[in-house]
Amino acid sequence: MDFRQIEAFIKVAELGSFSKAASALYVSQPSVSIYISSLEEELDAVLLNRSTRTVCTTLAGGRFLEQAKKMAALKRETIAMLKNLCDDLTGEIRILASSVPALYILPPLLADFHKLHPGISFVMKQADTADVVQGIAAHRADIGFAGSIIADKKCDFVDFATEKLVFVAANNGLYSKGKKYTLEELLYTDSFISREAGSGTRIQYEKFFYENGISLDKIKTCASMDSTHSILNAVASGLGISLVSELAARPMIKHKALLPLKLKNKLPERKIYTVLNKTVAHSHLIKLFMEHSGVKYG
């Protein structure tokens, strides 16, 4: 059963004529006859009495006409609802984000967006970059934010923001504020606190280390942590040094709990990416949020 059959039946019943129904529907009379015959065959019931000069409904046809009009009305309402959907600014956006965007970049952005569109709410979960990509590929969230690109055939990565990385140490006099250190001095001689495997920060700084001749096996790693906040507190407590987001470290540097270390090798800026599932059609809410966030996609 399809809507062409239903619309043809309604028109014939209302106008009492196959030819008038065909004219109203802008189709041929044989087409209307085929629609009605196939509908009757599918329902196993005679819907129209064709023996009289004016076509009229049978008992079964009269009962079905009520339901047919309801189905036609539902179709019109559904089409109108979908056409007006872009004017409906209510709903929920599910976000998966790695630690730096989740903790430091997205909160003020979400606050600004919510002031403009108070009917849109957010559910944000924090995960490492690998889990963000896997989650977007598996439709566990609508949009993701990650600190590195991890190839996945279902995902697109779009530039979102950039941030600086900085080596930090406890502000306890063991390091000089004015001296420029080599990577070898920092990584081969002192304890280093790393991010966990799968972290976007770790993926990017290990690539930088390798490109600058550092053997990852020789790094004196004393701990691996899955939280930037935990690493900052561990560094401030004297456990070791680390390479972290400058944005995340800024408050503790300002309060002199941490000392930023100057480096002879220029540290690269770190990119933050928006992660989107390329296999789905994104809602107008997601597109509105991306536009507000400055993300150019599609």
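Data block above holds the structure.
Residues numbered from 1 in each chain as written. Predicted model: local features only at pLDDT ≥ 70, side-chain atom pairs only at ≥ 80, totals over all residues. Heavy atoms only, no water.

Caption draft 1: Representation of the overall build of the chain within the structure. Along the chain, the regular secondary structure elements total 11 helices and 12 strands. The C-alpha atoms of the chain give a radius of gyration of 32 Å, which is well past the 19 Å a tight globule of 298 residues would have. Its C-alpha atoms give the chain principal-axis dimensions of roughly 105 × 40 × 25 Å. Sorting the 298 residues of the chain into buried and exposed places 42% on the buried side. The contacts in the chain between residues at least 6 apart in sequence include a share of 74% that link residues at least 24 apart. Accessible surface, the chain as shown: approximately 16,100 Å² in total, 53% of it carbon and sulfur. (Helix = DSSP H or I, 4+ residues; strand = E, 2+ residues; numbered from the N terminus. Rg over C-alpha atoms; globule rule 2.2 N^0.38 Å. Buried < 20%, exposed > 50% of the residue type's maximum accessible area, 1.4 Å probe, protein only. Contact = heavy atoms within 4.5 Å. Areas by Shrake-Rupley, 256 points an atom, 1.4 Å probe, with all protein chains shown as cover.)

Caption draft 2: Representation of helix H5 (residues 99-116) within the structure. Taking 1.5 Å per residue as the helical rise, H5 with its 18 residues ought to reach 26 Å, and the 25 Å between its terminal C-alpha atoms agrees with that figure. Its maximal kink placed at Leu-106, H5 deviates by approximately 55°, while the proline Pro-107 follows within four residues. (Expected span 1.5 Å × (residues − 1). Bend = angle between axes of the 7 residues up to and from the residue.)

Caption draft 3: Structural context of the packing of helix H2 (residues 18-25) against helix H3 (residues 29-43). The interhelical angle for the contact between H2 and H3, taken along N-to-C directions, is 105°, at an axis separation of 8 Å. With respect to H3, the element H2 is oriented roughly perpendicular. From H2, Phe-18, Ser-19, Ala-21 and Ala-22 reach across to H3, where they touch Gln-29, Val-32, Ser-33 and Ile-36. For the contact of H2 with H3, the per-class residue count stands at 5 nonpolar, 3 polar and no charged. (Axes fitted to C-alpha atoms, helices over the stretch in contact; angles between N-to-C directions. Parallel < 35°, antiparallel > 145°, perpendicular 65-115°, else oblique. Nonpolar A, V, L, I, M, F, W, Y, C, P; charged D, E, K, R; others polar.)

Caption draft 4: Structural view of the environment of Ala-138. With respect to the helices, strands and loops of the structure, Ala-138 is situated in the loop between helix H6 (129-137) and strand E5 (143-146). What makes Ala-138 partly exposed here is its relative accessible area of 39%. Ala-138 sits 17 residues away from Ser-121 along the chain, and the two C-alpha atoms are 21 Å apart.

Caption draft 5: Up close: the pairing of strand E3 (residues 91-97). The sheet contact formed by E3 and strand E4 (residues 120-126) spans 7 bridges and is parallel. Paired with Ala-97 across the two strands is Gln-126, which belongs to E4. Following the backbone out of E3, through H5 and into the adjacent parallel E4, one traces a crossover that is right-handed. Relative to E5, E3 runs parallel, the two sharing 3 bridges. Bridge assignment links Leu-96 to a residue of E5, and that residue is Gly-144. (Pairing = 2+ DSSP bridges. Right-handed = clockwise from strand over helix to strand, strands pointing away.)

Caption draft 6: Summary view of helix H10 (residues 246-254). Inspection of H10 places Ala-248, Ala-249 and Met-252 among the buried residues, and these make up the whole buried set. Down the axis of H10, the buried set is contained in an arc of 80°. They therefore lie on one face. Along its buried surface, H10 packs onto H5, strand E6 (155-170), helix H9 (228-236), strand E10 (242-245) and strand E11 (258-263). Looking at where H10 begins, the residue whose side-chain oxygen comes 3.2 Å from the main-chain nitrogen of Leu-247 is Ser-245. (Arc of directions from axis to C-beta. Polar contact = N/O pair within 3.5 Å; in protein donor to acceptor, adjacent residues only side chain to side chain.)

Caption draft 7: Up close: the nonpolar core. In terms of nonpolar packing, the biggest core is built from 22 residues, with Ile-93, Ile-95, Leu-106, Ile-143, Phe-145, Phe-160 and Phe-289 touching the most fellow members. At the level of secondary structure, the elements contributing two or more residues to this core comprise E3, H5, E5, E6, strand E12 (269-277) and helix H11 (284-293). For this core, the element with the most residues is H5, which contributes 7 residues. Apart from residues no more than four positions distant in its own chain, Phe-160 is found in contact with Ile-105, Leu-106, Leu-109, Phe-145, Ile-272, Tyr-273, Thr-274, Ser-293 and Val-295. (Core = buried A, V, L, I, M, F, W, Y, C linked by side-chain atoms within 4.5 Å.)

Caption draft 8: Region of interest: a nonpolar patch on the surface. Together, Met-81, Leu-82 and Leu-85 make up a nonpolar patch on the protein surface, roughly 270 Å² of accessible area in all. Mapped onto the secondary structure, Met-81 falls in helix H4 (residues 59-83). (Patch = residues over 30% accessible without salt bridge, like charges linked within 9 Å, V, L, I, M, F, W, Y side chains within 5 Å. Salt bridge = Lys/Arg side-chain N within 4 Å of Asp/Glu carboxyl O.)

Caption draft 9: Seen up close, the side chain of Thr-201. Mapped onto the secondary structure, Thr-201 falls in helix H8 (residues 200-211). Filtering out sequence-adjacent residues up to four positions away, Thr-201 remains in contact with Leu-165, Arg-195, Leu-243 and Arg-270.

Caption draft 10: Spotlight on a positive patch on the surface. Taken together, the side chains of Lys-177, Lys-180, Lys-256 and Lys-262 define a basic patch exposed on the protein surface. For Lys-177, the position within the fold is in the loop between E6 and strand E7 (180-181). Given the relative accessible area of 61%, Lys-177 is considered exposed. (Lys, Arg positive; Asp, Glu negative; His and termini not counted. Charge placed at Lys NZ, Arg CZ, Asp CG, Glu CD.)

Read these as spatial facts, not as claims about activity.
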